[in-house]
Structure formats: C-alpha cells, structure tokens
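These are the residues of each chain, in order.
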Amino acid sequence: ASFLVKSNKLNCGVYIDPQKWAFKKTENTESEFEFSLKNKDAYATFITERIEIPLETLKAIALENAQSVAPDIKIVKEDYRWVNKNLVMSLQMEGAIQGMKITYTGYYYASPNGTIQLVAFTSTNLFDEYKAFFDELLNGFVTLEK
C-alpha cells in the first residue's frame with residue numbers, strides 16, 4: 001500500500017495499492033471516495049464526516065444505514081482494534097439486497113475532529129476470496145493529525 005488517498009474533509013486517509021485498487025471521488029453526499037478491486041467484484045467506500053459521534057452511536061447508525069438497503073442485515077463479528085495508532089471498531093455484517101447475499105466488513109473511527117467509516121463489501125459467496133484484500137485496504141487507514 002504505497003498511495004495515500006487523502007480526505008478533503010478530515011485530516012485522514014487510506015493507503016492503497018494502486019496496482020490492486022481503483023478509486024474515485026464521489027459526488028454523492030454520503031461517501032467521499034469509492035474503491036473497486038481491479039477486475040474483481042469487490043468494493044469499498046470511505047465516508048468522512050466532521051460531526052463527532054461516539055463509536056457506540058456510530059455502530060447503531062451504521063447498522064441502521066445498512067438496514068435501509070438490506071432489511072435483514074445483522075452484525076456477525078464485532079471488536080475493537082488498533083490500526084496505525086487509532087482505536088477503531090471493526091464490524092462485519094451480513095444481509096441480503098433484493099435477494100443477493102452481501103457481506104460488509106469495515107472500520108469505524110471517531111474523534112473530536114469527526115467520524116470515519118471505511119467499509120468494504122462483496123457478495124457473501126466471494127467474501128472469503130477477497131478477505132485478505134479487504135484487510136489490507138482497511139489496515140491502510142491513517143489519521144494525519146499532528
């Protein structure tokens with residue numbers, strides 16, 4: 001992971017391997033960047049907000065947002081971990097969108113400067129195949145605060 005995709009909203013970013021991942025700045029109001037694993041069916045989104053939200057509240061918001069597209073979604077794994085000196089909540093969720101089973105894995109981070117959701121996803125049947133790529137992408141999350 002040699003290339004920094006830096007947020008314009010917050011002092012943070014994601015180091016990616018540009019040989020593996022393509023990215024684009026989004027025009028929509030929710031995510032700042034979208035990523036896709038080149039020539040694969042694996043995707044990620046980087047949501048940055050200047051609003052400070054406690055991590056537990058952010059978890060509830062993430063679940064509620066996911067339920068808006070996959071009403072049956074549930075959290076299947078949850079823990080806290082240190083990523084590049086930042087405490088993040090790690091969540092894995094599974095559900096169906098119009099009958100298609102989807103697995104999401106993501107890191108959620110909160111600070112007085114704002115909140116970040118870095119979430120990768122694919123169809124459930126492909127998740128194990130892409131998990132190492134997702135882990136590498138998620139572990140590229142950095143804050144750039146001095």
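What you are looking at is a predicted structure, and each value in this text was computed from that prediction instead of being measured.

Enquirer: Help me out: how do you make sense of the layout of surface pockets in this one?
Expert: Rolled over the atoms, a probe with the dimensions of a water molecule shows which regions are left empty. In this model, the largest pocket occupies a volume close to 640 Å³. Surrounding the largest pocket, 27 residues form its lining, Thr-45, Val-69, Tyr-104, Val-119 and Phe-121 being those nearest its centre. Elements that contribute at least two residues to the lining of the largest pocket include exactly β4 (33-37), β5 (43-49), α1 (55-69), β7 (86-97), β8 (100-111) and β9 (114-123). Along the lines of polarity and charge, the residues of the lining of the largest pocket split into 16 nonpolar, 8 polar and 3 charged. For the second largest pocket, the calculated volume is near 150 Å³. In terms of lining, the second largest pocket is formed by 13 residues, of which the most central are Lys-77, Arg-81, Ser-90, Gln-92 and Thr-105. Going through the elements one at a time, β6 (74-83), β7, β8 and α2 (127-138) are the ones with two or more residues in the lining of the second largest pocket. Residues that form the lining of the second largest pocket fall into these classes: 4 nonpolar, 3 polar and 6 charged.

Enquirer: Hey, could you run me through the sheet that holds strand β2 (residues 12-16) in this one?
Expert: Each strand in a sheet pairs with its neighbour through backbone hydrogen bonds, running either in the same direction (parallel) or in the opposite one (antiparallel). Spatial ordering of the open sheet is given by β1-β2-β10, a layout of 3 strands whose pairing is antiparallel. Each edge of the open sheet carries a strand with a single partner, namely β1 (3-6) and β10 (141-143). Between one strand and the next, the sheet's axes are offset by a mean angle of 35 degrees, whatever the strand orientation. Note that β1 and β2 share 4 bridges and pair antiparallel.

Reading the values: the criteria
Residues numbered from 1 in each chain as written. Predicted model: local features only at pLDDT ≥ 70, side-chain atom pairs only at ≥ 80, totals over all residues. Heavy atoms only, no water. 1 Å grid on protein atoms, 1.4 Å probe; cavity = no way out; pocket = protein on both sides within 12 Å on 5 of 7 lines; lining within 4 Å. Points joined across faces, edges and corners; volume = space filled by probe spheres on them. Helix = DSSP H or I, 4+ residues; strand = E, 2+ residues; numbered from the N terminus. Nonpolar A, V, L, I, M, F, W, Y, C, P; charged D, E, K, R; others polar. Pairing = 2+ DSSP bridges. Axes fitted to C-alpha atoms, helices over the stretch in contact; angles between N-to-C directions.

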